[in-house]
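Examining the three-dimensional arrangement
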Amino acid sequence: MKQIKLAYVIWASLIFTACSKTSDECVEYIPFQESENGLWGMIAPNGEVLFSEEFEGKPTVAHNGRFFIRTNGIWEMYTAEKKPQPIGKEYAHTSGFHNGVAIVAEKGKPVSIIDTEGNTIKVLDSIAGKKVDGVRPFTNNYAVFKTTDALWGAIDQNGNCCIKPEYRMLNDCSDGK
């Protein structure tokens, strides 16, 4: 059993440290617990502990100096530093950061794009004249969205429509395609 755990740790380390993309796309810190059922902290892929025994809820991985924690169904954003500080608003949904932007939705509000300070870059209530039903996370600097009439399109990181919502299905971008 110890060999399986060791193999898993090695595999996870390779995934989190094998980042050939820009540093914005790399995982900066991952959540960890020092003891079973203990509080959560964050550790870098190289083993440097950022902080420990800090949060009851499990943080997301940290990208762009930020991470999220879900408490009672609400996501909160924190700075990835020795003394994490809450920043931004409370969100019903979040994608996590990709190159300095994230897709989020405050409770009862439309989806929007925010920066790492929690500032709204663009509200995505409608795109190309169509009402938005949902937006996937950014992949390769583009996010696929679905309209209320079940058509798919894509936006860039500023929320500008780059593929009009004219398709019955659209996959996430990968390998520059």
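Let me begin by describing the structure that accompanies this report.

Within the largest apolar cluster, 13 residues are counted, with the highest numbers of intra-cluster contacts made by Ile103, Ile113, Leu124, Val135 and Ile155. Elements supplying a minimum of two residues to this core: strand 8 (101–105), strand 9 (111–115), strand 12 (130–135) and strand 13 (142–147). With three residues, strand 8 is the largest single contributor of residues to this core. Apart from the residues within four sequence positions on either side, Ile155 is in contact with Ile113, Leu124, Ile127, Val135, Phe138, Asn141, Tyr142, Ala143, Phe145, Asn160, Cys161 and Cys162. Core analysis: the second largest hydrophobic core is formed by eleven residues, Tyr29, Phe51, Phe55 and Tyr78 among them.

Reading across from one edge, 1-2-3 is the order of the three strands in this open sheet, with antiparallel pairing throughout. In this open sheet, the two edge strands, each paired with only one partner strand, are strand 1 (30–33) and strand 3 (49–55). Taken pair by pair, the neighbouring strands of this sheet meet at an average axis angle of 30°, ignoring direction. Sheet topology note: the strand 2 (residues 40–43)/strand 3 ladder contains three bridges and is antiparallel. Across the sheet, residue Ile43 finds its bridge partner in strand 3, namely Val49.

Structurally, Ser126 is set in strand 11 (residues 126–127). The sequence separation of Ser126 and Pro110 amounts to 16 residues, and the corresponding C-alpha distance is 9.0 Å. What Ser126 contacts, discounting residues up to four positions off in sequence, is Lys131 and Val132.

Let us now look at unusual backbone geometry. The backbone of Asn64 shows a phi angle near 55°, a positive value even though the residue is not glycine. Topologically, Asn64 is positioned in the loop between strand 3 and strand 4 (66–71). Although it is not a glycine, Asn99 adopts a positive phi angle of roughly 50°. Along the chain, Asn99 falls in the loop between strand 7 (93–98) and strand 8.

What counts, and at which threshold
- Residues numbered from 1 in each chain as written.
- Predicted model: local features only at pLDDT ≥ 70, side-chain atom pairs only at ≥ 80, totals over all residues.
- Heavy atoms only, no water.
- Core = buried A, V, L, I, M, F, W, Y, C linked by side-chain atoms within 4.5 Å.
- Buried < 20%, exposed > 50% of the residue type's maximum accessible area, 1.4 Å probe, protein only.
- Helix = DSSP H or I, 4+ residues; strand = E, 2+ residues; numbered from the N terminus.
- Contact = heavy atoms within 4.5 Å.
- Pairing = 2+ DSSP bridges.
- Axes fitted to C-alpha atoms, helices over the stretch in contact; angles between N-to-C directions.

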